[in-house]
Amino acid sequence: MTPEDIFSLAGAAAGLGWALLVLGPRRFGWLNAVPLWIVPAGLSLVYALLVLSRFSGTGGGFDSLASVAVLLSDDWALLAGWVHYLAFDLFVGAVMAARMDRAGVGRVVQAPILISTFMLGPLGFLIAALTEGGLRARLIPTQTQTLALKGATHVAA
């Protein structure tokens, strides 16, 4: 297989994971496992195989930007880097989607956040974290007030 073939297959697998994450119903645990565990694990296996079989002799390294540029000038190393991004971004997106579900963030709001995680990784993560955090912060006073009205004397954080 050529690097281009593996690139296409990895992209298709990640695309399937993202489509299930954004569009699929989340009430089925087995379906949630696809973008959370199955696709990222498969991509991670591809990454491991690429690193273990192709990194020796590529040159470059991680000690400077110039060294990283040399490392990524090799198509196999560049492919490994891309598969790394695909695996981690999908896993992070699935974790953030589950967190936003638990925080009560609606799917319509989640969709653009998850798409930004797919396209821009850390930026989407930041938006998801701020959205979840903002919603949780907004709900805490309401929950505290509700407990106070019921006569509760202790509120667990």
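The structure we're discussing is the one just above.
All figures in this text were calculated on a predicted structure; none of them were measured in a lab. For every chain, the first residue of the written sequence is number 1, and numbering continues from 1 along that sequence. Whole-chain, interface and lining totals are the exception, using all residues; otherwise, since this is a predicted model, local features are given only for residues with pLDDT of at least 70 and side-chain atom pairs are given and counted only at 80 or more. Only hydrogens and water are set aside; all other atoms, that is, all heavy atoms of the structure, feed into the side-chain values.

A.B. asks: Break down the packing of aromatic side chains for me, with residues and values.
C.D. replies: Working definition: rings of Phe, Tyr and Trp (its six-membered ring) pair if their centres are within 6.5 Å, and the pair is stacked with planes under 30 degrees apart, edge-to-face with planes over 60 apart, and tilted otherwise. Tallying each qualifying case throughout the model produces 4 aromatic pairs. Here the aromatic rings of Trp18 and Phe118 are separated by 5.3 Å at their centres, their planes lie at 45°, and the arrangement is tilted. Of the two residues, Trp18 is situated in helix H1 (residues 3-23) and Phe118 in helix H5 (residues 107-120); the sequence distance between them amounts to 100 residues. For a Lys NZ or an Arg CZ to count as sitting over a ring, it must be within 6 Å of the ring centre and within 35 degrees of the ring normal. Over the face of the ring belonging to Trp76 we find Arg54, whose NZ or CZ atom lies 3.8 Å from the ring centre. The secondary structure listing takes helices from DSSP runs of H or I that are at least 4 residues long and strands from runs of E that are at least 2 residues long, numbered from the N terminus.

A.B. asks: Hey, could you go over the pattern of salt bridges for me, with residue numbers and the actual values?
C.D. replies: Where side chains of opposite charge bring their charged atoms close, a pairing between them can arise. The rule for a salt bridge is simple: a side-chain nitrogen of Lys or Arg has to be within 4 Å of a carboxyl oxygen of Asp or Glu. In this structure the tally under the stated criterion is 2 salt bridges. Between Arg26 and Asp101 there is a salt bridge; the shortest N-O distance is 2.6 Å. Residue Arg26 is located in the loop between H1 and helix H2 (29-54), and its partner Asp101 is located in helix H4 (residues 75-103); the two are separated by 75 residues in the primary sequence. Relative accessibility decides the category of a residue: with a 1.4 Å probe and only protein chains considered, values under 20% of the type maximum give buried, values over 50% give exposed, and everything between is partly exposed. Taking the relative accessible area as the measure of exposure, Arg26 reaches 16% and is therefore buried. With its nearest N and O atoms 2.8 Å apart, the salt bridge here joins Arg99 to Glu132. Here Arg99, found in helix H4, pairs with Glu132, found in helix H6 (residues 122-149); they are 33 residues apart in sequence, far enough to count as distant.

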